[in-house]
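# Fold and geometry: a report
Chain residues, written in single-letter form:
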Protein chains: 2
Amino acid sequence: MDAAVLRLGHRPERDQRVTTHVGLTARAFGAKGMYLAAEDHGIAESIGNVVSRWGGNFFVENNVKWKRCIGDWKKKGGIVVHLTMYGLSLTEVEAEIRCRNADVLVVVGAEKVPGEMYGLADYNVAVTGQPHSEISGLAVFLDHLYQGTRLDPQFPDAEIRVIPCAHGKMAEGK
Amino acid sequence: MDAAVLRLGHRPERDQRVTTHVGLTARAFGAKGMYLAAEDHGIAESIGNVVSRWGGNFFVENNVKWKRCIGDWKKKGGIVVHLTMYGLSLTEVEAEIRCRNADVLVVVGAEKVPGEMYGLADYNVAVTGQPHSEISGLAVFLDHLYQGTRLDPQFPDAEIRVIPCAHGKMAEGK
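I will try to describe carefully the structure that is included in this document. Computed from a predicted structure; not experimentally measured. (Residues numbered from 1 in each chain as written. Chains lettered and ligands numbered in written order. Predicted model: local features only at pLDDT ≥ 70, side-chain atom pairs only at ≥ 80, totals over all residues.)

A separate point is the interface of chain B and chain A. Across the contact, 43 residues belong to chain B and 43 residues belong to chain A. Residue assignment for the side of chain B that touches chain A shows that the elements contributing at least two residues are helix 1 (16-28), helix 2 (41-54), strand 4 (79-89), helix 4 (90-100), helix 5 (116-120), strand 6 (123-126) and helix 6 (134-145) of chain B. Among the elements that line the side of chain B that touches chain A, the one with the most residues is helix 1 of chain B, at six residues. Partitioned by chemical class, the residues of the side of chain B that touches chain A number 24 nonpolar, 15 polar and four charged. (Contact = placed C-beta atoms within 7 Å. Helix = DSSP H or I, 4+ residues; strand = E, 2+ residues; numbered from the N terminus. Nonpolar A, V, L, I, M, F, W, Y, C, P; charged D, E, K, R; others polar.)

Quick look at the structure:
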């Protein structure tokens with residue numbers, strides 16, 4: 001059950017930091033890549049820098065057409081989950097989503113999302129139904145999707161690696 | 001077992017959006033308030049606007065002295081958890097933290113955190129040990145602290161409330 005993220009509504013002039021956090025969160029919590037429905041090479045570059053040091057094969061695909069991305073995902077048998085505070089509660093739908101055992105495209109919007117998105121999604125899912133952050137919503141959704149099993153990810157080709165420590169900072173690597 | 005957040009290292013000129021997401025995440029995932037170790041009335045105001053519409057008593061205390069905040073919390077019998085990718089894995093320490101059944105001050109830094117923080121914390125906790133986002137770390141930590149029981153929060157005095165919906169947007173309120 002692979003997951004990838006589709007980031008909608010990114011505005012290069014104000015969303016660079018939040019979208020970078022979305023991408024790094026996707027990687028850390030087990031997704032295999034992020035499709036960015038905007039042209040912003042800086043995002044791909046800054047996430048690519050993390051991947052080259054911290055390991056793994058996480059991809060960022062820039063400037064995708066969002067409806068085509070969704071259509072292609074569905075054609076391959078995947079399902080589409082749109083995170084929105086207006087959706088059904090995560091606690092209500094997560095077991096059903098896992099039971100489908102399909103690859104999951106997680107759609108994460110910025111402030112405004114086209115109305116069509118609510119119809120195109122197989123599931124519109126609310127992580128709390130309160131206003132907070134697409135970054136939090138994505139992290140908690142992926143953690144629940146994988147039932148907490150991906151909280152200690154290992155990236156064998158990493159150049160740098162943290163050594164867990166009760167009080168201090170330790171890392172090994174180049 | 002109450003929780004509150006202490007936000008360190010906030011720079012008003014560049015962290016407003018991320019710190020606002022930290023505060024809203026704290027509220028949505030069950031914390032009672034945020035102490036901000038910086039002077040930025042805009043944060044308190046924007047989170048206050050959400051609280052006044054969406055309900056609850058979440059507080060933002062501006063311009064706190066961080067060491068005093070930690071000392072006061074400990075004097076009242078609370079414990080201090082610092083979220084850092086260099087800490088011990090969440091999966092390893094979460095049960096012990098819950099077992100202590102004490103109020104938890106969750107310390108969330110920006111890029112650089114004073115070295116002393118690692119010694120002052122009762123627990124330095126890594127949510128994955130990978131670089132991602134303090135917003136994700138906070139959300140997943142609180143969700144684990146409360147074992148997924150606060151994902152459908154109710155704020156009885158809310159002016160506005162989402163009506164969960166499979167495909168569309170519905171809300172009730174003023």
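Next up on the list: the relation of the copies chain B and chain A. The two copies are related by a screw motion: chain B maps onto chain A through a turn of 180° and a shift of 0.0 Å along the axis, at an RMSD of 0.0 Å. Within this description, the copies of the chain are treated as partners about a two-fold rotation axis. Ranked by how close their C-alpha atoms come to the rotation axis, the residues of chain B are headed by Ser136 of chain B, at 2.4 Å. Taken as a fraction of all interface residues of chain B, those also at the interface in chain A reach 100%, which identifies the copy contact as same-surface. (Least-squares fit on C-alpha atoms with pLDDT ≥ 70 in both.)

Turning to the sheet that holds strand 3 (residues 59-61) of chain A, a few remarks are in order. Residues and elements named next belong to chain A. Across the sheet, six strands lie side by side as 3-2-1-5-4-6; this open sheet has parallel pairing. Two strands lie at the open edges of the sheet, namely strand 3 and strand 6 (123-126), each paired on one side alone. When strand polarity is set aside, the average angle formed by the axes of neighbouring strands in this sheet is 30°. In terms of strand pairing, strand 1 (residues 3-7) meets strand 5 (residues 104-108) through five bridges, oriented parallel. (Pairing = 2+ DSSP bridges. Axes fitted to C-alpha atoms, helices over the stretch in contact; angles between N-to-C directions.)

Time to look at the sheet that holds strand 2 (residues 33-36) of chain B. All names here are of chain B. Reading across from one edge, 3-2-1-5-4-6 is the order of the six strands in this open sheet, with parallel pairing throughout. Two strands bound the open sheet, and with one partner strand each, they are strand 3 (59-61) and strand 6. On average, each strand axis in the sheet is inclined to that of its neighbour by 30°, with strand direction left out of account. Inspection of the sheet shows strand 2 paired to strand 3 by three bridges, in the parallel sense. Directly across from Tyr35, in strand 3, lies its bridge partner Glu61. Across the sheet, helix 4 touches strand 4, strand 5 (104-108) and strand 6, and the angle it forms with strand 4 is around 170°.

Fair warning: the whole summary comes from geometry, so function is off the table for now.
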